[in-house]
Amino acid sequence: MPQRGLPDVTVPRRLRAAAPGWTTTADVIVVGSGVAGLTTALRLRRRVDRVLLVTKTVLDEGSTAWAQGGIAAVMSPEDSAAEHIHDTLVAGVGLCDVDAVEALVHEGTDAVWDLIALGAEFDRGDTGGLSLTREGGHHRDRILHAGGDATGREISRALIAALDRVRDDPGIEVIEHALVVDLLADADARVCGVTLHVIGEGQVDGVGAAHARAVVLATGGLGQIYASTTNPSVATGDGMAAALRAGAVLADLEFVQFHPTVLWLGEGSRGQQPLISEAVRGEGAFLVDETGERFMQGQHRLADLAPRDVVARAIIARMRETGTDHVYLDCRHLGAEFLESRFPSIVQRCRELGFDPATQLLPVAPAQHYASGGVRTDLRGRSSLEGLYACGETSCTGVHGANRLASNSLLEGLVFARRIADDLTARLGAGELPETTPVAVDGEPELLRGKRRLDVQRAMTAGSGTVRSASSLAATQETLAALAARAVTDDADKPGGPKSWETTNLLHLGRALTYAAALRDETRGGHVREDFPARDDEHFLHHVHLKRSASGVLAAEVVPVPRSNLAGLDLDGSVPLDRLDEDRADGVGPASLTNPAGRHTPSVGSIESVEETQ
């Protein structure tokens, strides 16, 4: 596509690193230990001879464990798949892949029951039924939670416990404290392994090469690309960046979700920030400005429970109007007893930081939360490169479109991990993806020293953050280009290390994200342009696909979205709820959603059978 005079962005094929000093092999390498990686590895364990699970620190350090709100699924007879699909499409502002959303919702219910059968313990009411709550953008109570606000940690616990029960199985190996550096490929550009660095706590030391017939990237998001984020420190976009360098297509990078209610800790506060879950507003908390005025009324028919992009933009607008750097979340009317029971982790963390949600207004402001874009995949999790799959936040399945619906991310990890495992099982069983030999990578490597990370984060926050413009994006790209020049020349004779590799990954993704953002002259979902404040369906109902060309220059392709994606959706939030109740032709009804004791037994090929996990 024409690049409209934008300066070229070049991306190297590899990071500067020492030559591999050891080698291992597997049928499938799964990189990442969140819900996506663990589900994929466990489901593959008894189907292929050898699975290698690689994780950057320890098994429970990923973003899954930090998920407070919950997991969305149709689990009630009052709900329907049609409604969940509708809410997801509205949140995605016309850019969702409808087939992917239908797969997510229709397969999500059984995926959650399988997770429960595996041992995940979700909160239940007095009668023993699952407790369901509501979050922004949802018109029904369909959010399951555990421990009040510790859903992600419980899901992670259950999956890790299932893995621990099979640690002695020679069919699966886990390497912790291992950072994937780059992807290996053969002469036909088929991905066939990774280079990785294992630090002292791992099983082997230094850089090595792991060869496989397929690689699944489930490395999470890129939150550390910004100065303030809700993501853990490990979220440095390693999988996305490695895929970009290898030539895989990345899509929708410009759509970064900024969570509207992150606890504001004062000017200059950086790193991972405390999240105040959307579920708090789902239980009745509301936003006010410094004068105490509720400002979400009139912004959207769901008011304080509008989709996240709507709430974040409203907060930014109100902060500009009042000349402040935060607004407030009022939870006081919910009472200490309810807050401590429903949101124990949030209350404890707030009080540790000097705030009591039962008696005080909580200062909040938007901060980076989720990457809706990533490695573009099809409905089976396959990327544009043969042998390479992606899952979870690393991927772009098309489920989220321009803005993720609250609590759909854990469900996406579950559903598409199962699809990937099933696809790999079939392909490997049919003799596809045979063993192959990687070839040496040409071209000069790059390495930006870890001490430059804050420079990347400041540039991204200032110009490619919550609100963007043509001038701010150009300034960010100029700063990142100067840093890229340093990455070629600084300490060119020295190999890298984990901090420098992470920082270089952030640099490469920052340049790609900023480039994609400059190609979208409109405001849509998570992408907010102050110079183009309106959504433009006439010119920008499309995806931006980015790919590193053979010459190393980033190339963009515009992929139109059918206008039928907008049919039946009122993206301004005025769809009457009674319209959603008229038709349940999707066939999902009360009989398949209720869960009397013993209703569900894991299906053939589920993560583990009940007998295996005892």
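Heads up: these notes are all about the structure in this document. This is a predicted model, so every value here is computed, not measured. (Residues numbered from 1 in each chain as written. Predicted model: local features only at pLDDT ≥ 70, side-chain atom pairs only at ≥ 80, totals over all residues. Heavy atoms only, no water.)

1. What to know about the environment of A185
Piece 1. Mapped onto the secondary structure, A185 falls in strand β8 (residues 178–185).
Piece 2. A relative accessible area of 15% means that A185 is categorised as buried.
Piece 3. Measuring from C-alpha to C-alpha, the distance between A185 and H211 comes to 9.6 Å, with 26 residues separating the pair along the chain.
Piece 4. When near neighbours in sequence (up to four residues on either side) are disregarded, A185 contacts R13, R190, V191, C192, P438 and V439. (Helix = DSSP H or I, 4+ residues; strand = E, 2+ residues; numbered from the N terminus. Buried < 20%, exposed > 50% of the residue type's maximum accessible area, 1.4 Å probe, protein only. Contact = heavy atoms within 4.5 Å.)

2. Observations regarding the nonpolar core
Piece 1. Residues I71, V112, F122, L163 and L424 are the most contacted members of the largest nonpolar core, which totals 71 residues.
Piece 2. Setting aside its immediate chain neighbours within four residues, L163 contacts L38, L42, L53, L59, I172 and V174. (Core = buried A, V, L, I, M, F, W, Y, C linked by side-chain atoms within 4.5 Å.)

3. Remarks on the environment of L179
Piece 1. In this fold, L179 is placed in strand β8.
Piece 2. What makes L179 buried here is its relative accessible area of 6%.
Piece 3. Separated by 322 residues in sequence, L179 and W501 place their C-alpha atoms 8.9 Å apart.
Piece 4. In this view, L179 contacts K56, T195, L196, H197, D238, P498, W501 and E502; residues no more than four positions away in its chain are not counted.

4. Regarding helix α9 (residues 344–352)
Piece 1. Within α9 the residues assigned to the buried category are I346, V347 and C350. All buried residues of α9 project into a common sector of 95° when viewed along the axis, lining one side.
Piece 2. Structurally, α9 contributes buried residues whose contacts are with β14 (256–263), α6 (278–282), α8 (336–342) and β18 (362–371).
Piece 3. Immediately beyond the C-terminal end of α9, within one or two residues, lies G354, with a positive phi of roughly 95°. (Arc of directions from axis to C-beta.)

5. Topic: the pattern of salt bridges
Piece 1. A complete count under the given rule lists 40 salt bridges for this structure.
Piece 2. Close ionic contact of D87 with R142 constitutes a salt bridge, the shortest N to O distance being 2.9 Å. Of the two residues, D87 is situated in helix α2 (residues 81–91) and R142 in the loop between β5 (132–133) and β6 (143–144); the sequence distance between them amounts to 55 residues.
Piece 3. Residue classification places R142 among the buried positions, given a relative accessible area of 0%.
Piece 4. For E352, the salt bridge is made with R349, and the minimal N-O distance between the two is 3.2 Å. Within this pair, E352 and its partner R349 are both found in helix α9, separated by three residues, close to a single helical turn.
Piece 5. A relative accessible area of 40% means that R349 is categorised as partly exposed.
Piece 6. Linked through salt bridges whose partners overlap, the residues forming this network are E254, R520, E522, R524, R535 and D537. (Salt bridge = Lys/Arg side-chain N within 4 Å of Asp/Glu carboxyl O.)

6. Focus: the sheet that holds strand β11 (residues 214–217)
Piece 1. The parallel open sheet is built from five strands, whose spatial order is β7-β3-β2-β11-β20. This sheet does not close on itself; its edge strands, each paired only once, are β7 (172–175) and β20 (388–390). Shown here is a sheet whose adjacent strand axes are inclined to one another by a mean of 20°, direction ignored.
Piece 2. Across three bridges, β11 lies against β20 in parallel orientation. Each bridged residue has a counterpart across the sheet, and for V215 the counterpart in β20 is L388.
Piece 3. Sheet strands in contact with helix α1 (residues 35–44) are β2 (28–31), β3 (51–54), β7 and β11, and its direction is about 165° off that of β3. (Pairing = 2+ DSSP bridges. Axes fitted to C-alpha atoms, helices over the stretch in contact; angles between N-to-C directions.)

Keep in mind that these numbers describe shape and distance, not what the molecule does.
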